[in-house]
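So the chains spell out like this:
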Amino acid sequence: MLVAHASARDRADRRARFEAEALPLLPALHRTALRLTRDAQLAADLVQDTCLRAYRAFEQFTAGTNIRAWLFSIMYSVFNTGYRKARRESTGMQMAALEAEYERWLGGADEPPATQSPDAAADAMDPRVERALDELPEAFRNAVMLVDVGELSYEEAATVMNCAVGTVRSRLSRARKCLFGALLTYARETGYRRIGGRA
Amino acid sequence: VNAPAVHLGERLQDVVDNRLGAAELEQARSHLAGCARCRRELAALRRVRGALAPRPGQAGLPPALGVALMQALDREDAAAQAPPSRRRIGTVAAWGWALAACLVAAMASALLLWPGRTAVAPQPWTAAVAREFDAYRDARLPLSMKTGEVAELERFFSASDLGFHTRVFDLGMMNYRIEGGAVRRLGDRPSALYVYRGPDDARLLCEMFQGRLDELPPAPRTASHNGIDFRIYREGALTAVYWAEGDVICVLVSDIDSEAVLALAFAKAAPAA
């Protein structure tokens, strides 16, 4: 009876520890899952699958180490093995062209293009930013997703992407320039441009 | 204007993401003060960063997903609790099921006959609620909604699709301030849990779920007030007072004086509408 009782107590402790450590990170996981899948139901499924896999492997998680990086690593693994096909593949955006657009802006005097105010309640993002993000090559998109959307540190993102911290910084730099270049392109396409601070 | 020949380049990301120490930040600021190109680049990067970052008040985890997750974890726990023979039975070929059943029966008999090795009974709600209180007191209980507003918490539970109406008690008159709540599970049922902080840092937990009082184990003490029946349990230093409002069971739990918990329950319990 003592053995059975201890086992039940161990399970309860494990559950409590998991809830205390992992559940506060679920909103960030869910935000990132929404951006990865671009579908509310798929995002919910991805978060649930991630949590279940993490819960099953929770004994292997070393207390005191970085659970945020651990959880995001699991989510990317789950996404890559089971959800990738459900997502629209990258169209292979011309990064060089967007970086050139960015450099032209940098050398000029135009104001930055405005971004749209997202609907916070709907967890939405400026649709132009979302579209541009979606078209980034995967390695660059992941850097932005982890740091800007998931709010991971460079070190945590490096763990998830299995690369050096410097690589995270470098990818972020190029990705953010491209996203800005995409905003410039969209602004020009829609005839909206603020020059010298005036619309 | 003599613009610096070397620009900050990728180091600007560290500025945008607040990764620089005091000395490095001062160097970067010094450069930015004299470099229009880097200032312009910093503004662009901040614009992108701002468009991507979550905003204050942005929707958190959808309540339905929170409930589904708790249910999934419950299923995991239940599967882990099942005897290995039962967990593996799904993989046994059909022709072997009879043999497997015999083995299960034999194992069950052995468990019953082996002194001190009885099967683990499901945790009664009283013990489960007590664990919730312990987790809250030890700051291990995640509150998915933190608020000091009773109405906001009621809206949160209403949006959580629990299947029953959750009344959040306003205990302000008794100097208990609401701190927040969460959707939880008690056994196989979703529950609404919310917590209060009171005088002398006292903690009080309330939990509601669908059920009937007669599903509870026999109570060592009962009481009646305004036509409502109360069941009072002790779990270590904790007092748990249960009552029913229609098909919803309410429980108040605390480690304060038992009579004080009962008085709070008397004050807030209402007959079913």
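The rules behind these values
- Residues numbered from 1 in each chain as written.
- Chains lettered and ligands numbered in written order.
- Predicted model: local features only at pLDDT ≥ 70, side-chain atom pairs only at ≥ 80, totals over all residues.
- Heavy atoms only, no water.
- Helix = DSSP H or I, 4+ residues; strand = E, 2+ residues; numbered from the N terminus.
- Buried < 20%, exposed > 50% of the residue type's maximum accessible area, 1.4 Å probe, protein only.
- Contact = heavy atoms within 4.5 Å.
- Phe/Tyr/Trp six-rings, centres within 6.5 Å; stacked < 30°, edge-to-face > 60°.
- Lys NZ or Arg CZ within 6 Å of the ring centre and 35° of its normal.
- Arc of directions from axis to C-beta.
- Pairing = 2+ DSSP bridges.

**Student:** Can you walk me through the overall build of chain A in this structure?
**Tutor:** In terms of regular secondary structure, chain A is built from nine helices and zero strands. For chain A, the α and β elements follow one another from N to C terminus as α-α-α-α-α-α-α-α-α. Sorting the 199 residues of chain A into buried and exposed places 52% on the buried side. A sequence separation of at least 24 residues applies to 72% of the contacts in chain A between residues at least 6 apart.

**Student:** Just checking my understanding: could you explain the packing of aromatic side chains for this structure?
**Tutor:** The geometry of an aromatic ring pair is captured by two quantities: the separation of the ring centres and the angle between the planes. Applying the stated criterion across every chain, the model contains 17 aromatic pairs over all chains. For the pair Phe18 of chain A and Tyr55 of chain A, a centre-to-centre distance of 5.0 Å together with 55 degrees between the ring planes defines the contact as tilted. You can see Phe18 of chain A sitting in helix α1 (residues 2–22) and its partner Tyr55 of chain A sitting in helix α3 (residues 40–56), a full 37 residues away along the chain. Relative accessible area serves as the criterion here: at 1%, Tyr55 of chain A is assigned to the buried category. Cluster of aromatic residues (ring-pair linked, three or more members): Phe156, Phe157, Phe169, Tyr194, Tyr196, Phe230, Trp243 and Phe266 of chain B. Taking the ring centre of Trp105 of chain A as reference, the NZ or CZ of Arg40 of chain B above it sits at 3.8 Å. Here the basic side chain of Arg203 of chain B rests over the ring of Tyr136 of chain B, its NZ or CZ set 5.7 Å away from the ring centre.

**Student:** Even after reading the chapter, I still don't get helix α9 (residues 258–268) of chain B, so can you show me in this structure?
**Tutor:** Two residues of an α-helix separated by three or four positions point the same way, owing to the 3.6 residues in each turn. Residues and elements named next belong to chain B. Within α9, the full set of buried residues consists of Ser258, Val261, Leu262, Leu264 and Ala265. An end-on view of α9 places all buried positions within 160 degrees of arc, on one side of the element. Structurally, α9 contributes buried residues whose contacts are with β4 (203–210), β5 (221–225), β6 (228–235), β7 (238–245) and β8 (248–254).

**Student:** How do you make sense of the pairing of strand β3 (residues 189–197) of chain B when you look at a structure like this?
**Tutor:** As a general feature of sheets, a regular strand has side chains that alternate between the two faces. Residue and element names in this part refer to chain B. With seven of nine residues buried, β3 is to be regarded as a mostly interior element. Of the strand pairs in this sheet, strand β2 (residues 177–186) and β3 are connected by nine bridges, and their pairing is antiparallel. Residue pairing across strands places Leu186 opposite Arg189, the latter belonging to β3. If you look at the hairpin formed by β2 and β3, you'll find two residues sitting between the two strands, and Gly187 has a positive phi there, around 65 degrees. In the sheet, β3 pairs with β4 via seven bridges, with the strands oriented antiparallel. Residue Leu193 lies in a different strand from β4, and its bridge partner there is Glu207.

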